[in-house]
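Overview (structure and organization)
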Amino acid sequence: MDQFAAMRAFVKVVEMGGFSEAARQLELAVSSVTRQVNSLEAMLNTQLLNRSTRSITLTTQGRNYYNRIVRILQDVEEANLCVMEGEDTPRGLLNVGMPVAFGRLHIAPIVSIFLTQYPEVKLDLHLSDGLSNLVEEELDVVIRIGNLDRSHANLIVRKLASYSRLVCASPNYFQQYGKPQHPNDLAHHNCLLFPYFTDYNIWRFQRDTEICEVKVSGSLVANNSEILRQVCLDGAGLILMPTWLISEDIRAGRLQAVLTDFQVHPQTEMDTGIYALYLPNRRYSLRVKTFIDFLLQKFGDSPDWEA
């Protein structure tokens, strides 16, 4: 028995919640993965997994073993990365996940620069507005915007940049319906909504000690920010959107921001950070560090969208 292969198979079964998905991830037959885990249990003379037709769960001994060997396998992978990449030349495949609009607007324009500077790195970009799972999708880095949920608890987090949010509409819309002078006026406007969460139709504003919450409504709800932006550009209503998405439209006069003396956010506590997240076993990966440092250099302390 190859004990390291059996340990990797066991860890993958636990992470994937079953043998079939683990086998798919490892590109092995289900019978092969089952045999490896069974051999590991036989060698240890201990049952590591409770198996049923519906689920796979860890025994007490299995959980203790899992927690220990995960660290061991991470150390082995880190050692391999250090040797393969060398001391100062990043190389190899880098899998990166990111939101669709942010990737199109702010990552795509600088990809060729990165590849030119680091010709031995190959990028595989995964664009999705869902929350990417680094383990299941075998990603090295993910870019996330705004609040970080509990799924980041076991990840290393680095802040890349900040942004703010603005309420805006096209000049044609304001010419026809007027500009809101106070957040409460939004109750009488057509607000185009992005369903971030349950209370997405409540916009929250703060100016010094003044805090107000406004229940807004409108003719469109869409879970794609670029659709909302386009409908707003067409003069159909107001949007609440991040500066990284609409800053160019505001500079060009296609959109006009209102209520700019207020801080605005759609949740009670809404973070305004853009983050890079990666697994602890990528801590010493030179290509991960190089890519994140590259983004930090490009975005800087004052990114273009905040100008």
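Preceding this paragraph is the structure being described.
The following paragraphs examine the structure supplied in this document. (Residues numbered from 1 in each chain as written. Predicted model: local features only at pLDDT ≥ 70, side-chain atom pairs only at ≥ 80, totals over all residues. Heavy atoms only, no water.)

When the charged atoms of two side chains with opposite charge come close together, those side chains can pair. Per the counting criterion, the structure on display carries twelve salt bridges. A salt bridge links Glu21 to Arg24, with the shortest nitrogen-to-oxygen separation between them at 2.6 Å. On the criterion of helical spacing, the pair formed by Glu21 and Arg24 is a turn pair, its members being three residues apart in helix 2 (residues 19-26). Relative accessible area serves as the criterion here: at 29%, Glu21 is assigned to the partly exposed category. The partner of Glu213 in a salt bridge is Arg204, with the nearest N and O atoms 2.9 Å apart. One network of salt bridges, with partners in common, ties together Arg158, Lys289 and Asp293. (Salt bridge = Lys/Arg side-chain N within 4 Å of Asp/Glu carboxyl O. Helix = DSSP H or I, 4+ residues; strand = E, 2+ residues; numbered from the N terminus. Buried < 20%, exposed > 50% of the residue type's maximum accessible area, 1.4 Å probe, protein only.)

For Glu27, the location among the structural elements is in the loop between helix 2 and helix 3 (30-44). Residue Glu27 is classed as exposed on the basis of its relative accessible area, which comes to 73%. Separated by 173 residues in the primary sequence, Glu27 and Tyr200 have C-alpha atoms spaced 41 Å apart.

A few words now on unusual backbone geometry. Positive phi outside glycine occurs at Asn45, with the angle close to 55 degrees. Residue classification places Asn45 among the exposed positions, given a relative accessible area of 72%. Although it is not a glycine, Asp208 adopts a positive phi angle of roughly 55 degrees. Along the chain, the position of Asp208 falls in the loop between strand 8 (202-207) and strand 9 (210-215).

Moving on to the packing of aromatic side chains. Under the defined criterion, the tally for this structure stands at twelve aromatic pairs. Measuring from ring centre to ring centre gives 6.0 Å for Phe102 and Trp305, while their planes differ by 75 degrees; the resulting arrangement is edge-to-face. Note that Phe102 is positioned in helix 5 (residues 100-117) and Trp305 in the segment after helix 9 (286-299), a separation of 203 residues in sequence. Each member of the pair, Phe102 as well as Trp305, carries the same accessibility label: buried. Their ring planes at 35 degrees and their centres at 4.7 Å tell us that Tyr173 and Tyr177 sit as a pair that is tilted. Note that Tyr173 and Tyr177 are positioned in helix 6 (residues 171-177) at a spacing of four residues, about one turn of the helix. Residue class for Tyr173 comes out buried when judged on its relative accessible area of 2%. Put simply, the rings of Phe102, Trp244, Phe299 and Trp305 touch in pairs and so form one group of aromatic residues. Taking NZ or CZ as reference, Lys179 lies 5.6 Å from the ring centre of Phe174, over its face. (Phe/Tyr/Trp six-rings, centres within 6.5 Å; stacked < 30°, edge-to-face > 60°. Lys NZ or Arg CZ within 6 Å of the ring centre and 35° of its normal.)

Strand order in the open sheet formed by three strands is 9-8-12, and the pairing between neighbours is antiparallel. What marks the edges here is a single partner per strand, and that holds for strand 9 and strand 12 (263-265). Within the sheet, the average angular offset between the axes of one strand and its neighbour, ignoring direction, is 20 degrees. By the bridge criterion, six bridges tie strand 8 to strand 9 in an arrangement that is antiparallel. When the sheet's bridge partners are listed, Ile202 is paired in strand 9 with Lys215. (Pairing = 2+ DSSP bridges. Axes fitted to C-alpha atoms, helices over the stretch in contact; angles between N-to-C directions.)

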